[in-house]
Amino acid sequence: MNYSETIIIGAGAAGLFCAAQLGKLGRQVTVLDNGKKIGRKILMSGGGFCNFTNLDITPAHYLSQNPHFVKSALARYTNRDFISLVEKYDIAYHEKELGQLFCDESAENIVDMLQAECHRYGVQICLRSEVSKLHRIEGAEIGAFRLQAGDAHWQCKNLVIATGGLSMPRLGATPFGYQVAEQFGIPIVPPRAGLVPFTYRETDKFLSVLAGISLPIKVTAQCGQSFHNQLLFTHRGISGPAPLQISNYWQPNESVIIDLLPTHHLEEEIKQAKQNSPKQMLKSILTHLLPKKLVELWLEQGMFKDEALANLSKAQLKNALDLVHHWRFTPNGTEGYRTAEVTMGGVNTNYISSKTMESQRVKGLYFIGEVLDVTGWLGGYNFQWAWSSAYACATGIHTADL
Ligand code: FDA
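Since the model is a prediction, treat every value here as computed from it, not as a measurement.

Visitor: Can you walk me through the site of the ligand in this structure?
Guide: In the region of the ligand, 32 residues are neighbours, and D33, N34, R40, T174 and E370 sit closest. A distance of 3.3 Å is found between an oxygen atom of the ligand and a backbone nitrogen or oxygen belonging to G172. Listing elements by their share of the shell around the ligand, those giving two or more residues are α1 (13-24), α2 (40-44) and α12 (381-400). The biggest single contributor to the shell around the ligand is α12, with three residues. Class assignment for the residues of the shell around the ligand results in 12 nonpolar, 14 polar and six charged.

Visitor: Would you mind showing me how to read the sheet that holds strand β13 (residues 214-220) here?
Guide: Two modes of strand pairing occur in sheets, parallel and antiparallel, and in both the strands are linked by backbone hydrogen bonds. One open sheet holds the seven strands; their spatial order is β17-β16-β13-β14-β15-β12-β18, and the pairing between them is antiparallel. The open sheet has two edge strands with one neighbour each: β17 (327-329) and β18 (333-334). Examined bridge by bridge, strand β14 (residues 226-233) and strand β15 (residues 237-239) share two bridges and lie antiparallel to one another. Bridging from a neighbouring strand, F233 pairs with I238 of β15. Across the sheet, helix α11 (residues 314-325) is in contact with β16 (256-259) and β17; its angle to β16 comes to roughly 105 degrees.

Visitor: What should I look at first to understand the layout of surface pockets in this one?
Guide: Over the atoms rolls a probe the size of a water molecule, and in doing so it shows where empty space is left. Approximately 200 Å³ is the volume attributed to the second largest pocket. Around the second largest pocket, the lining comprises 13 residues; the ones closest to its centre are L98, F227, Q245, W377 and Y381. The biggest single contributor to the lining of the second largest pocket is β14, with three residues. Looking at side-chain class alone, the lining of the second largest pocket contains five nonpolar, seven polar and one charged residues. Of the residues that make up the lining of the second largest pocket, three or more belong to each of domain 1 (2-193 + 343-400) and domain 2 (197-334).

Each value, and the rule that gives it
Residues numbered from 1 in each chain as written. Predicted model: local features only at pLDDT ≥ 70, side-chain atom pairs only at ≥ 80, totals over all residues. Heavy atoms only, no water. Near = heavy atom within 4 Å. Polar contact = N/O pair within 3.5 Å; in protein donor to acceptor, adjacent residues only side chain to side chain. Helix = DSSP H or I, 4+ residues; strand = E, 2+ residues; numbered from the N terminus. Nonpolar A, V, L, I, M, F, W, Y, C, P; charged D, E, K, R; others polar. Pairing = 2+ DSSP bridges. Contact = heavy atoms within 4.5 Å. Axes fitted to C-alpha atoms, helices over the stretch in contact; angles between N-to-C directions. 1 Å grid on protein atoms, 1.4 Å probe; cavity = no way out; pocket = protein on both sides within 12 Å on 5 of 7 lines; lining within 4 Å. Points joined across faces, edges and corners; volume = space filled by probe spheres on them. Domains from an automatic or database assignment.

Here's what the structure looks like:
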């Protein structure tokens, strides 16, 4: 039987950061992970450059059944704190857009930094260690757990679940964290894919010929939330930052409204053009403002009729304005966990201390990172949640043991 004061299950962003913090506080800690290497999602993140935080982090950038839950942790370990650590390791970074900070060189820089921190503070990391069984030792005054990882048996006083969500199963995702919560009577907010591309219904499949075209749009969900950013047409549906962001606010069978020219007032522009050159055709205005292939596809599909501006009827004008500014898109669904960046839902935060991430039901049992019902926007918010929740947990464990 191996013993470690604290065991963390999951060597992802949250698990590694929590381990390093605990090590720094002089605590003994072991990380168990089912993979062959640490930080696999970090390596894939931000197109290989890891969008590790954002310059503008507020609780409003997170979705959870309890929107107040993130406040304490985000305030106690901020984006500035993580940026200082990145700078201490001389990792070059830049702001891409909207406050998003990326490594200049590679996401490997972040994994190397976390590994160096763990090494420096004596953290033990065991890879290829899939944790399958777990139980609490009956009668233990404070949390004491036994678990099995591969052939090895472990016992610990504090157990931190940092197993992430269900997205990208090929990177080692498992539902183990949710199973542990259920085992101890902690409810789960039903998980679903988040930050995920939408797929076409049968009737929209003609749009697949637009694959590869991208344009700046505004997209609005039924709940009123909207995002201005790029939309990318794919073979299967729509993707890009704006659709990914709105997917977190979309519910099955709902539509989203897409404004394909959010910085234009098409009606005004048509009015002006009609005065200056009444013979100008509607198509020529539209192709001037939008991808030609899209406009031609609309024509081909009979979605608008080309007409000289002087002859444009009220109904034809309204139809053109609706097509451009008010495209009602009803997704068939999403691409699911295969391509989702995050998992929405997870361990219900009403049963977790927002100060320490400890379960209110089971002493010594902690949940951090994406396994919790906390989902950030696209743009470095999910990693910041991993760092902040990990920090809260490490300080919580340390203080409880003083
Ligand atoms: P994470 O999933 O990172 O780690 C969990 C670990 O637990 C994994 O190593 C897993 O193998 C292990 N595990 C699971 N079950 C186990 C078991 N039973 N036994 C042992 N080990 C087990 N966010 C962001 O802020 N900026 C970005 O640029 C990106 N980019 C991005 C790209 C892609 C392609 C994806 C899929 C995701 C992102 N994200 C992101 C989201 C971000 O990667 C994610 O929110 C964090 O990695 C979550 O960190 P965790 O440590 O909670 O889980």
